[in-house]
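Inside the fold
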Amino acid sequence: KGTGVDKKQAGQLLLDALQTGKQSVEFPLGTIMPTITYRAIVAPRATGKVVEVNLERQELYAFQDGALKFWTHVSTGLPSKPTVPGEWHIYNKTPIQRMVGQGYNLPNVKWVMPYNGDYTLHTAYWHHDFGKPKSHGCTNMFEADAHWLYDFVDIGTPVVFVEHT
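**A few points about the overall build of the protein**
Within the protein one finds two helices and eleven strands. Listing the helices and strands of the protein from first to last along the sequence gives α-β-β-β-β-β-β-β-β-β-β-α-β. Looking at the protein residue by residue over its 165 residues, the buried ones come to 36%. Within the protein, counting contacts between residues at least 6 apart in sequence, those at least 24 apart form 50% of the total. Only carbon and sulfur atoms are counted for the fraction: they give 54% of the accessible area of the protein, which is about 9400 Å².

Here is the structure:
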């Protein structure tokens, strides 16, 4: 009734999904919202900290020991200046810096975490269109999200960029 989920039915749907390897499950919710979709997000490795950025979905996931600790929408590189798929490691952390490049000069960029040369994870105060590619190759986040991630990662934390779901 209403928009509640039948707990027994939801539990059985999740159990069936885990046993069959499904990556998503739809839950019936009633007449107002007929279904929601559950999507499994699997850590790239089972131990330690790791950050994954899904370039297709424009999503960032932070894992620790295989458990999802944080999720957010991000904005990665535009098609003309793409974010490169692959695996790197955070090699520095800077709480605030000026970013200068071809076509931009941005003071006071916060929570900067470089991982591949000039490619970094950082805030983007100049837009709030997260979930869509917008950058010159970096990974842009809301300030609160970048601050959380900055506190979470260590120098050496792997950052994995994948192209698809």
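**Concerning the pairing of strand β3 (residues 49–54)**
Most of β3 is tucked away: five of the six residues are buried. In the sheet, β3 pairs with strand β4 (residues 59–64) via six bridges, with the strands oriented antiparallel. Looking across to β4, one finds that Glu52 is bridged to Tyr61. Here β3 folds back onto β4 in antiparallel fashion, the turn holding four residues, of which Gln58 has a positive phi close to 55 degrees.

**Points about the pattern of salt bridges**
Applying the stated criterion across every chain, the model contains five salt bridges. Asp129 serves as the salt-bridge partner of Lys132, at 3.6 Å between the closest nitrogen and oxygen. According to the relative accessible area criterion, Asp129 is partly exposed, its value standing at 28%. Each of Asp129, Lys132 and Lys134 takes part in salt bridges that share partners, so that together they form one network.

**Section: the pairing of strand β5 (residues 67–73)**
Note that β4 and β5 share six bridges and pair antiparallel. The residue bridging Leu60 from the neighbouring strand is Thr72, located in β5. Hairpin connection of β4 to β5: two residues between the antiparallel strands, including Asp65 at a positive phi of 50 degrees.

**Observations concerning the sheet that holds strand β10 (residues 139–141)**
Overall, mixed pairing links the four strands, which are arranged β7-β8-β9-β10 in an open sheet. At either margin of the open sheet sits one strand with a lone partner, and together these are β7 (94–101) and β10. Sheet twist, expressed as the average angle between the axes of neighbouring strands with direction ignored, equals 45 degrees. Pairing geometry for strand β8 (residues 104–116) and strand β9 (residues 119–123), over three bridges, is antiparallel. Pairing of Met113 across the sheet is with Leu121, part of β9. Of the strands in this sheet, β7, β8, β9 and β10 touch helix α2 (residues 143–152), which is tilted by about 35 degrees from β8.

**A short note on the sheet that holds β5**
Within a beta sheet, neighbouring strands are joined by backbone hydrogen bonds and run either parallel or antiparallel to one another. With mixed pairing, five strands are arranged side by side in an open sheet as β5-β4-β3-β11-β6. A single partner strand is all that each edge strand has here, and the edge strands are β5 and β6 (86–89). Across the sheet, the axes of successive neighbouring strands diverge by a mean angle of 20 degrees, strand direction being ignored. One ladder, built from four bridges, connects β6 with strand β11 (residues 158–162); its direction is antiparallel. Within β11, the position partnered with His89 by the bridge is Pro158.

About the cut-offs
- Residues numbered from 1 in each chain as written.
- Predicted model: local features only at pLDDT ≥ 70, side-chain atom pairs only at ≥ 80, totals over all residues.
- Heavy atoms only, no water.
- Helix = DSSP H or I, 4+ residues; strand = E, 2+ residues; numbered from the N terminus.
- Buried < 20%, exposed > 50% of the residue type's maximum accessible area, 1.4 Å probe, protein only.
- Contact = heavy atoms within 4.5 Å.
- Areas by Shrake-Rupley, 256 points an atom, 1.4 Å probe, with all protein chains shown as cover.
- Pairing = 2+ DSSP bridges.
- Salt bridge = Lys/Arg side-chain N within 4 Å of Asp/Glu carboxyl O.
- Axes fitted to C-alpha atoms, helices over the stretch in contact; angles between N-to-C directions.

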